[in-house]
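# Results of the structural survey
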Amino acid sequence: MAVTIDPRPTVFGDRLIITGSYEAGDTLIDLSSQLASIDAITVNPDGAHSVRVKEADATGGVSYTATIFLLKDIATFRGTDIEIVPPNLSLTTRAGTFLAIGRRS
């Protein structure tokens, strides 16, 4: 698992735009060496997770329906960290790219 930060960030005033990529299975991007705080993020996973719904039928059996949901990884930020989680705990995060805007450190 590795996070790659692009070597040329963009600066405007006291703000910094950082872009980069992360590998499948990565769940934390630490930007504390570049930012004092994060104002906004964008995370773009390379693909979606296919999730089938399990249903119980009237006779008490269990079957999988043909209903498939395509769900993306979910990203949040706190302080100088971006956390990426899959939409279901049994899944692993997809690889992807990110963009963060924050106050320079």
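It should be noted that the structure appears before, not after, this text.
This text gives an overview of the structure that appears in the document.

How each quantity is defined
- Residues numbered from 1 in each chain as written.
- Predicted model: local features only at pLDDT ≥ 70, side-chain atom pairs only at ≥ 80, totals over all residues.
- Heavy atoms only, no water.
- Core = buried A, V, L, I, M, F, W, Y, C linked by side-chain atoms within 4.5 Å.
- Buried < 20%, exposed > 50% of the residue type's maximum accessible area, 1.4 Å probe, protein only.
- Helix = DSSP H or I, 4+ residues; strand = E, 2+ residues; numbered from the N terminus.
- Salt bridge = Lys/Arg side-chain N within 4 Å of Asp/Glu carboxyl O.
- Contact = heavy atoms within 4.5 Å.

### Topic: the nonpolar core
- One finds Leu 16, Ile 18, Tyr 22, Ile 29, Leu 31, Leu 35, Ile 38, Val 43, Ile 82, Ile 84, Phe 98 and Ala 100 forming the largest nonpolar core, which totals 12 residues.
- Elements with a minimum of two residues in this core: β3 (15-22), β5 (35-45), β9 (81-85) and β10 (96-104).

### Thoughts on the pattern of salt bridges
- Counted by the stated rule, this structure contains three salt bridges.
- Two residues, Arg 103 and Asp 14, come together in a salt bridge whose shortest N-O distance is 2.4 Å. One end of the pair, Arg 103, is in strand β10; the other, Asp 14, is in the loop between β2 (10-12) and β3, and 89 residues separate them in sequence.
- Looking at Arg 103, the relative accessible area reads 35%, which means it is partly exposed.
- Between Arg 15 and Asp 39 there is a salt bridge whose closest N-O contact spans 2.7 Å. With Arg 15 in strand β3 and Asp 39 in strand β5, this pair connects stretches of sequence that are 24 residues apart.
- Taking relative accessible area as the criterion, Asp 39 reaches 39% and is therefore assigned partly exposed.
- Salt bridges here are not isolated pairs; linked through shared partners, they connect Asp 14, Arg 15, Asp 39 and Arg 103.

### Re the side chain of Thr 80
- Within the secondary structure, Thr 80 sits in the loop between β8 (74-78) and β9.
- The buried category is assigned to Thr 80, whose relative accessible area is 14%.
- Setting aside its immediate chain neighbours within four residues, Thr 80 contacts Ile 29, Asp 30, Leu 31, Ser 32, Leu 35, Ala 36, Ser 37 and Ile 38.

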